[in-house]
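# Structural characterization, general
Chain residues, written in single-letter form:
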Amino acid sequence: DDGGEDLFCHFSSIEDGKALAEGSKVEFVKVFDDRKGKDRAEQVTGGVDEAPGGGGFGGGGFGFGGGNGGAVSASGRKESAGLGVAPGGP
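This one's a predicted model, so the numbers in the text were calculated from it and none came from an experiment.

Scoring rules and cut-offs
- Residues numbered from 1 in each chain as written.
- Predicted model: local features only at pLDDT ≥ 70, side-chain atom pairs only at ≥ 80, totals over all residues.
- Heavy atoms only, no water.
- Helix = DSSP H or I, 4+ residues; strand = E, 2+ residues; numbered from the N terminus.
- Buried < 20%, exposed > 50% of the residue type's maximum accessible area, 1.4 Å probe, protein only.
- Contact = heavy atoms within 4.5 Å.
- Salt bridge = Lys/Arg side-chain N within 4 Å of Asp/Glu carboxyl O.
- Polar contact = N/O pair within 3.5 Å; in protein donor to acceptor, adjacent residues only side chain to side chain.
- Core = buried A, V, L, I, M, F, W, Y, C linked by side-chain atoms within 4.5 Å.

When its secondary structure is counted, the chain shows 0 helices and 5 strands. Of the regular secondary structure in the chain, the N- to C-terminal order runs β-β-β-β-β. Counting every position in the chain, which comprises 90 residues, the buried fraction comes to 33%. Residue pairs at least 24 apart in sequence account for 69% of intrachain contacts in the chain once pairs closer than 6 positions are excluded.

Spelled out as structure tokens, the structure:
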């Protein structure tokens, strides 16, 4: 919501659907990916059954603005954000 950093989310991390819809409110846990050297979203909620228009987004990933812009606490606190879908992804 605050225009924080973009995070990658693989569709397999969406717990309540198969896709994320642009403009949707989502909750997620931000984790650091040692292999990629950057943060990603996991345990994502706020998903939909399929992407609008029935199409996928190529690489199966989505980017969205980070919730509070801070790191996740050791307790696994969920953050929330508005979603801007970015096609593809590594």
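That covers the picture; the talk isn't over yet.
Next up on the list: the pattern of salt bridges. Using the criterion set out here, one finds 3 salt bridges in the structure. Across the pair Lys 30 and Glu 5 runs a salt bridge, and its minimum N-O distance is 3.0 Å. In this pair, Lys 30 is assigned in strand E2 (residues 25-33) and Glu 5 in the segment before strand E1 (6-10), connecting sequence segments 25 residues apart. The shortest N-O distance in the salt bridge between Glu 42 and Arg 40 comes to 2.4 Å. Glu 42 gets classed as partly exposed once you look at its relative accessible area, which sits at 23%. Each of Asp 33, Arg 40 and Glu 42 takes part in a single network of salt bridges with overlapping partners.

What follows concerns the side chain of Lys 30. With relative accessibility at 9%, the residue Lys 30 sits in the buried group. A distance of 3.0 Å separates a polar atom in the side chain of Lys 30 from a polar atom in the side chain of Glu 5.

A word on the environment of Cys 9. The residue Cys 9 is located in strand E1 in this model. Taking C-alpha positions, Cys 9 is 9.7 Å from Lys 30, a pair spaced 21 residues apart along the chain.

As a further point, take the nonpolar core. Ranked by size, the top nonpolar core spans 8 residues in total: Leu 7, Cys 9, Ile 14, Leu 20, Val 26, Phe 28, Ala 41 and Val 44. Where this core is concerned, the elements lending two or more residues are E1, E2 and strand E3 (38-45).

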